[in-house]
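# Notes for the structure review
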Amino acid sequence: MSLLRHKITHVYTASHPRQAYLHNHLFYYRIMLFLTHWRRVFTPTSSLALRLYHVTSPASSVGQSVPKMADKESLVGSFSPPVELLTPLRVPQKTLLGPGPSNASPRVLAASALPLLGHLHPEFLQIMDDVKAGIQYAFQTKNALTLAVSGTGHAAMEAAVVNMVEPGDVVLVAVHGLWGERCADMCSRNGAEVRTINKPIGQNFTLEDIQKGIEYHKPCMFFICHGESSAGVLQPLDGIGDICRKHDCLLLVDSVASLGGTPLYMDHQGIDIVYSGAQKVLSAPPGASPISFSARARGKLARRKQKVPSFYFDMNLLSDYWGVGLQKGQPRKYHHTGPISSVYALREGLAKLAEEGLENCISRHQENALLLHQGLEAMGLELWVKDKAARLPTVTVVRVPEGVNWKDVASYIMNKYSIEISGGLGASAGKAWRIGLMGHNCTRDNVELVLRALKDALQHFGFPQP
């Protein structure tokens, strides 16, 4: 035992005096538990407590005596505190140039560390109102039912589906990558009759494709992904809303990878439900995700025959928490404890977008994406999306050359430069790299950095340079 204590003290005393104290304390505590259990050695305090426990505690209904205090202590003592949690948290600094998350700015990180407030404190409710206004600006909408879902972009997708879909509803999903597949799965889980229109990964849909699909399937809702990050495809949205309205069909749009990096105008383009994520262009930690519903979407919500199957994502209840439709001074209704620090961070991410200006932010992403594309092609690499107009500015997908292992290259870049680039996703898995330029990371310096790192890695693995 003295040897064990010596080892514990040796590891922690010099560099971590507080942890050394904890370990020494735990060492003596375990010894006392051992002696208490096997030798019935009690201090006066513990003996008195044990006697009182026996006097006041009834026997169990099956005739067994209630465990003695010493027995309970021995149970606790059998689970030692994890040693790894008694050392300081260390997180390496990396440049995240994959499809997300992107690096948060110092301003956003500082907001995350601000003191916690109660989720119904007036100061926090004002921050929620700030977030709502910022989301309306980012989506370019006046929709009252606009808020941040407590969760990642997947949570926002699920919130859209569970509120809009009832069993038996026909939903048409445009699939040209992973996110169409994911939405079709969610709709199916909620009892919808899911129909799909499909394009090979790397291509987008024409208005004719969409109109034919809607006329044939007659859905009550049509889903399409604006920025398909698994393929690097940008889907044009102009005209789709008109087709949907003509056929009494709601338009649901995924803008997780596109919001702020390419034009999206919810009201002007006739979008009924749109959602996004915090960790892409907004450069905030994932955890609070923007979503908005049009008046048409709210009408379908009001006409539901069944309750929304998810309490957590029920927009009827979340509206009262976010103050949708409430007059100034009316009390908010408790629904759940919001992710307070995530809301702080999202507020600052939206504030940075507002300060830069939406159009300026979009231009910055388009300009840096063009520089990246030109640099990749100059290295003899092929972009997954052939049509330049269909390339997503925020996430670029690059074909892995024949004879090159994508993982080896990505690992080399991470180990040498601490830069993340990701592999393909879905149909592009193992065949592509995905390079993200989003929000705080979307700079000319980062374009040059990732091109230099990729060129070095390819040369290291024998890929000939032009």
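This text gives an overview of the structure that appears in the document. (Residues numbered from 1 in each chain as written. Predicted model: local features only at pLDDT ≥ 70, side-chain atom pairs only at ≥ 80, totals over all residues. Heavy atoms only, no water.)

### Quick notes on the overall build of the protein chain
Filter applied, for reference: Helix and strand assignments come from DSSP, with helices taken as H or I runs of at least 4 residues and strands as E runs of at least 2, each series counted from the N terminus. Using a 1.4 Å probe on the protein chains alone, a residue whose accessible area is under 20% of its type maximum counts as buried, one over 50% counts as exposed, and one in between counts as partly exposed. Residue burial considers only the protein chains on display, and all accessible areas are found by Shrake-Rupley using a 1.4 Å probe.
Summing up its helical and strand segments, the protein chain has 16 helices and 14 strands in all. Evaluated residue by residue, the protein chain yields a buried proportion of 51% over its 466 residues. Carbon and sulfur atoms form 57% of the exposed surface of the protein chain, whose accessible area is close to 22,700 Å².

### Let's talk about the packing of aromatic side chains
The relation between two aromatic rings is expressed through the spacing of the ring centres and the mutual angle of the planes. Selection criterion: In this scheme Phe, Tyr and Trp rings, the latter by its six-membered ring, pair at centre separations within 6.5 Å, and the angle between planes marks the pair as stacked below 30 degrees, edge-to-face above 60, and tilted otherwise. Throughout this description, the term charge over a ring refers to an Arg CZ or Lys NZ atom that lies within 6 Å of the ring centre and within 35 degrees of the ring normal.
Applying the stated criterion to the full structure yields three aromatic pairs. A cation over a ring is seen here: R399 above W384, with NZ or CZ 4.1 Å from the ring centre.

### Section: the pattern of salt bridges
Rule in force here: What counts as a salt bridge is simple: a side-chain nitrogen of Lys or Arg found within 4 Å of a carboxyl oxygen of Asp or Glu.
Taken as a whole and judged by the stated rule, the model has 19 salt bridges. For D272, the salt bridge goes to R296, with nearest N and O atoms at 2.7 Å. Taken as a pair, D272 in the loop between β8 (250–254) and β9 (273–275) and R296 in helix α11 (residues 295–302) lie far apart in primary sequence, 24 residues in all. On the accessibility criterion, D272 (0% relative accessible area) is buried. With relative accessibility at 24%, the residue R296 sits in the partly exposed group. A network of salt bridges, in which partner residues are shared, links R107, D130, R347, E348 and E355.

### Considerations on the environment of P393
Selection criterion: Here, residues are in contact when the closest pair of their heavy atoms is within 4.5 Å.
Within the secondary structure layout, P393 lies in the loop between α14 (358–378) and β11 (395–399). For P393, a relative accessible area of 8% puts it in the buried group. Other than its neighbours up to four places away in sequence, P393 contacts L234, G261, T262, H365, Q366, A369 and L437.

### Some remarks on the packing of helix α7 (residues 153–164) against helix α8 (residues 178–189)
In a packed pair of helices, the relevant descriptors are the angle between the two axes and the axis-to-axis distance. Under the convention used in this document: Note on method: axes are straight lines fitted to C-alpha atoms, helices fitted across the in-contact stretch only, with angles between N-to-C directions ranging 0 to 180 degrees. Note on angle classes: values under 35 degrees are labelled roughly parallel, values over 145 roughly antiparallel, values of 65 to 115 roughly perpendicular, and the remainder oblique. By definition, any crossing whose near helix is turned counterclockwise from its far helix by less than a right angle is left-handed, and any crossing with a clockwise turn is right-handed.
Running from N to C, α7 and α8 point in directions that differ by 45°, and their axes come no closer than 10 Å. What the angle tells us is that α7 and α8 run oblique. In this structure, α7 crosses over α8, and the sense of that crossing is right-handed. Residues H154, M157, E158 and V161 of α7 pack against W179, R182, C183, M186 and C187 of α8.

### With respect to the sheet that holds strand β2 (residues 145–151)
Put simply, the test is: Strands were regarded as paired on the criterion that DSSP finds at least two bridges between them.
If you walk across this open sheet you meet the seven strands as β2-β10-β9-β8-β5-β3-β4, and the pairing is mixed. Since the sheet does not close on itself, it has two edges, and those belong to β2 and β4 (193–198), each with one partner. Between one strand axis and the next, the sheet turns through 20° on average, direction left out of account. As paired elements, β8 and β9 share three bridges and run parallel to each other. Among the inter-strand pairings, L252 is bridged to a residue of β9, identified as I273.

### Looking at the nonpolar core
Selection criterion: For our purposes a nonpolar core is just a set of buried Ala, Val, Leu, Ile, Met, Phe, Trp, Tyr and Cys residues, chained together by side-chain atoms within 4.5 Å.
With 93 residues, the main nonpolar core has F222, I224, I273, Y275, I291 and M315 as its most contacted residues. Excluding residues within four positions of it along the chain, F222 makes contact with L172, A174, I197, I210, I214, I240, C244, C249, L250, L251 and L252. Listed in part, the 28 residues of the second largest apolar core include V400, L437, V450 and L451.

Function cannot be read off these values alone, since they describe shape.
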